[in-house]
Amino acid sequence: MRTKYGFQIVAMWDTKSGDRTEFAYLLEWPDEATKTSAWSAFMADAEWAEIKRVTHAEHGLMVGQIEDRLLVPVDYSPSFSLLH
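Given the structure is predicted, the values throughout are model-derived calculations rather than measurements.

## As for the overall build of the protein chain
Within the protein chain, the regular secondary structure consists of 3 helices and 2 strands. At 16 Å, the protein chain has a C-alpha radius of gyration far larger than the 12 Å of a compact globule built from 84 residues. A buried classification covers 11% of the 84 residues belonging to the protein chain. The long-range share in the protein chain, meaning contacts at least 24 apart out of those at least 6 apart in sequence, stands at 27%. Accessible surface for the protein chain amounts to roughly 7,300 Å². Of this, 55% is attributable to carbon and sulfur atoms. Within the protein chain, the 13 negative side-chain charges are centred at a point lying 4 Å from the centre of the 8 positive side-chain charges.

## Remarks on the packing of aromatic side chains
Tallying each qualifying case throughout the model produces 7 aromatic pairs. Feature note: the residues Tyr5, Phe7, Trp29, Trp39, Phe42 and Trp48 constitute an aromatic cluster, connected by ring pairs.

## A word on helix 3 (residues 46–59)
Here helix 3 is 14 residues long and its end C-alpha atoms lie 20 Å apart, about the 20 Å a rise of 1.5 Å per residue gives. The opening residue of helix 3 is Asp45, an N-cap whose side-chain oxygen sits 2.8 Å from the backbone nitrogen of Glu47. Just downstream of helix 3, Gly60 is the residue with a positive phi angle, here 85°.

## Digging into the side chain of Lys35
As for its position among the elements, Lys35 is in helix 2 (residues 32–43). Overall, the relative accessible area of 9% leaves Lys35 in the buried class.

The rules behind these values
- Residues numbered from 1 in each chain as written.
- Predicted model: local features only at pLDDT ≥ 70, side-chain atom pairs only at ≥ 80, totals over all residues.
- Heavy atoms only, no water.
- Helix = DSSP H or I, 4+ residues; strand = E, 2+ residues; numbered from the N terminus.
- Rg over C-alpha atoms; globule rule 2.2 N^0.38 Å.
- Buried < 20%, exposed > 50% of the residue type's maximum accessible area, 1.4 Å probe, protein only.
- Contact = heavy atoms within 4.5 Å.
- Areas by Shrake-Rupley, 256 points an atom, 1.4 Å probe, with all protein chains shown as cover.
- Lys, Arg positive; Asp, Glu negative; His and termini not counted.
- Charge placed at Lys NZ, Arg CZ, Asp CG, Glu CD.
- Phe/Tyr/Trp six-rings, centres within 6.5 Å; stacked < 30°, edge-to-face > 60°.
- Expected span 1.5 Å × (residues − 1).
- Polar contact = N/O pair within 3.5 Å; in protein donor to acceptor, adjacent residues only side chain to side chain.

Honestly, it's all geometry; don't read function into it.
Put into structure tokens, the structure is as follows:
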């Protein structure tokens with residue numbers, strides 16, 4: 001993801017609720033067009049499709065749904081100054 005498609009991983013988390021575990025990560029992009037293009041290329045990547053297929057066969061379904069959100073900082077955020 002990082003090298004081939006330019007994903008800039010800022011932070012990662014595991015969230016747990018009951019028997020459900022979610023993996024969440026924050027990516028940084030220079031603009032929305034770059035994000036859209038990189039994600040499209042990554043999702044169409046044959047190597048990634050094979051990794052998912054093998055992982056699913058060995059461990060069961062690990063990724064049920066991918067949610068994509070564009071976060072836009074607001075100027076009243078306590079950490080706004082860190083972003084500029």
